Amino acid sequence: MYIVTNRIKMKPGFAEKMAPNFTRPGALQEMEGFHKVEVTVTQDLEEYDELNVNMYWETLENYEAWKSSDVFKQAHTESPMLGSQLIITKIASVIEAAK
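Residues numbered from 1 in each chain as written. Predicted model: local features only at pLDDT ≥ 70, side-chain atom pairs only at ≥ 80, totals over all residues. Heavy atoms only, no water.

A. Up close: the overall build of the protein. When helices and strands are tallied, the protein shows three helices and four strands. Each helix (α) and strand (β) of the protein, taken in turn from the N terminus, gives the series β-α-β-β-α-α-β. Referenced to the eigenvectors of the C-alpha coordinate spread, the extents of the protein come out at roughly 40 × 35 × 20 Å. Across the 99 residues in the protein, those meeting the buried criterion constitute 28%. Residue pairs at least 24 apart in sequence account for 70% of intrachain contacts in the protein once pairs closer than 6 positions are excluded. As displayed, the protein offers around 7,100 Å² of accessible surface, 50% of which is attributable to carbon and sulfur atoms. Positive and negative side-chain charges of the protein, numbering 10 and 15 respectively, have mean locations separated by a distance of 1 Å. (Helix = DSSP H or I, 4+ residues; strand = E, 2+ residues; numbered from the N terminus. Buried < 20%, exposed > 50% of the residue type's maximum accessible area, 1.4 Å probe, protein only. Contact = heavy atoms within 4.5 Å. Areas by Shrake-Rupley, 256 points an atom, 1.4 Å probe, with all protein chains shown as cover. Lys, Arg positive; Asp, Glu negative; His and termini not counted. Charge placed at Lys NZ, Arg CZ, Asp CG, Glu CD.)

B. The arrangement of the side chain of Asn52 in detail. Along the polypeptide, Asn52 turns up in strand β3 (residues 49–57). For Asn52, a relative accessible area of 11% translates into the label buried. For Asn52, the contacting residues outside a window of four places in its chain are Thr5, Asn6, Arg7, Glu38, Val39, Thr40 and Thr42.

C. Fine view of a nonpolar patch on the surface. The grouping of Met1, Ile91 and Val94 at the surface amounts to a nonpolar patch, some 240 Å² of accessible area in total. Mapped onto the elements of the fold, Met1 is located in the segment before β1 (2–10). For Met1, a relative accessible area of 33% puts it in the partly exposed group. (Patch = residues over 30% accessible without salt bridge, like charges linked within 9 Å, V, L, I, M, F, W, Y side chains within 5 Å. Salt bridge = Lys/Arg side-chain N within 4 Å of Asp/Glu carboxyl O.)

The following block contains the structure:
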């Protein structure tokens, strides 16, 4: 499984407002290999807000198919983004809480 993180710098005051936009139900949920999206907001930054949009994909090919889809193009219109950095990681090891 892969985690594709889009680290997004935004105008101050926009992170909390924009976060729910990345987790709305829709066509993304039907994409092959898609598992989930988590959105985090970095705390204690003064010059800008920062969102981290973590997308979980079965394969990188599944992610690339989404990235080149009409669903992706429709979801990425004008926004208060100041810039972004894409980070791709592969889960190498996991431990879960004891039950």
